[in-house]
Amino acid sequence: MRPVRRVGVVGCGTVGAGFAEICARAELDVLVHATSPDSAERGRRRIRRSLDRLVRKGTLTEGDREGVSARVTFSTDVKRLRDRDFVLEAAVEDLAVKQEIFRMLDAVVEDGEAVLASTTSSFPIMKLAGVTNDPARVLGAHLFNPVPVMELVELTGSLRTGGATLARARSFLTDTLGKQVIPAKDRPGFLVNALLIPYLLSAVRLLECEVASATEIDRSMKLGCAHPMGPLELTDLIGLDVVMAVSTELYEESKEPLHAPPGLLLRMVEAGFLGRKTGRGFHSYA
């Protein structure tokens, strides 16, 4: 297998920027496709803030910071992704949006051996691979936030993902980026979210029924179960919109009541209270 040297990232939100950062720190050539100059600038600032924190901690020198920054290029021209070896889709958790991106990548990325990966945390990979002409090179690489810190990646192939594609992705993620990879079946929620989402939704239901306050619910799990973060704090970190999208997809496939998003979660997403990224969720982050 040829090593991955040129990486593309579609989307420069929290996960996309984090992935671009770790690839650049691994001395790879990184191209981030943004939808607009404003989006690109927000992505630059995310990466810069993260690198600045590493400099303050002494993990990174100022010279290394500049080198990492120089290896990340932002562009709004999707055709510049044509020569990439590995492209990660890190867009909003919306099936139609992701499918349109994979149609675009299928048409643009020229190397038939290039890996086209999605960070989706909920949608079966076959739903994304099925819109391409070459589903053998499509797979799921579900990274966890914050990407520079969290070690795990769920690696998921569809029924039509090629063995060479999976092997190349695993080698890249483990040997080059230093991640821990676990294989996951191609089903909504994969492994981690199949376990996590019902737990988070249970916490939302307790709050909705006024069993306890958000602070008390989180404190009970941190003190009683030694969790580093309470379920509502974690929901705020993930994003209420993302949790709702994953739970909706789980429910549509399983029809299990425990997967159905509670009314409170729906109303908060409608109100724009999405957690840390908007400054307000089940807790305030002003």
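Preceding this paragraph is the structure being described.
Our subject in this report is the structure included herewith. (Residues numbered from 1 in each chain as written. Predicted model: local features only at pLDDT ≥ 70, side-chain atom pairs only at ≥ 80, totals over all residues. Heavy atoms only, no water.)

## What to know about helix 10 (residues 240-254)
In an α-helix there are 3.6 residues to a turn, and that puts residues three or four apart on one side. The end-to-end C-alpha separation of helix 10 is 21 Å, in line with the 21 Å expected for 15 residues at 1.5 Å each. Looking at the buried positions of helix 10, the neighbouring elements they touch are helix 5 (125-129), helix 7 (192-208), helix 9 (231-238) and helix 11 (263-271). A positive phi of about 60° marks K255, the residue just after helix 10. (Helix = DSSP H or I, 4+ residues; strand = E, 2+ residues; numbered from the N terminus. Expected span 1.5 Å × (residues − 1). Contact = heavy atoms within 4.5 Å.)

## Looking at the state of the cysteines
Scanning all chains against the criterion turns up 0 disulfides. Cysteine C12 shares no disulfide, and the gap to the nearest cysteine sulfur, in C23, comes to 14 Å. With no disulfide of its own, C209 has C225 as its nearest cysteine by sulfur position, at a separation of 20 Å. Under the relative-accessibility criterion, C209 is labelled exposed at 58%. (Disulfide = S-S within 2.5 Å. Buried < 20%, exposed > 50% of the residue type's maximum accessible area, 1.4 Å probe, protein only.)

## Description of the pairing of strand 8 (residues 180-183)
Here strand 7 (residues 152-157) pairs with strand 8 via 4 bridges, running parallel. If you follow E154 over to strand 8, its bridge partner there is I182. Taken together, strand 7, helix 6 (residues 163-176) and strand 8 form a β-α-β motif whose crossover is right-handed. (Pairing = 2+ DSSP bridges. Right-handed = clockwise from strand over helix to strand, strands pointing away.)

## Section: the pattern of salt bridges
Per the counting criterion, the structure on display carries 24 salt bridges. Residue D83 is joined to R84 by a salt bridge in which the shortest nitrogen-to-oxygen separation is 3.0 Å. Since its relative accessible area comes to 34%, D83 is described here as partly exposed. In this structure, the salt-bridge partner of E100 is R103, at a minimum N-O distance of 3.3 Å. (Salt bridge = Lys/Arg side-chain N within 4 Å of Asp/Glu carboxyl O.)

## Some words on helix 11
Along helix 11, the residues classified as buried are L265, M268 and V269. Buried positions in helix 11, seen along its axis, are confined to an arc of 100° and lie on one side of it. Along its buried surface, helix 11 packs onto helix 7 and helix 10. G272 sits one or two residues past helix 11 and shows a positive phi near 85°. (Arc of directions from axis to C-beta.)

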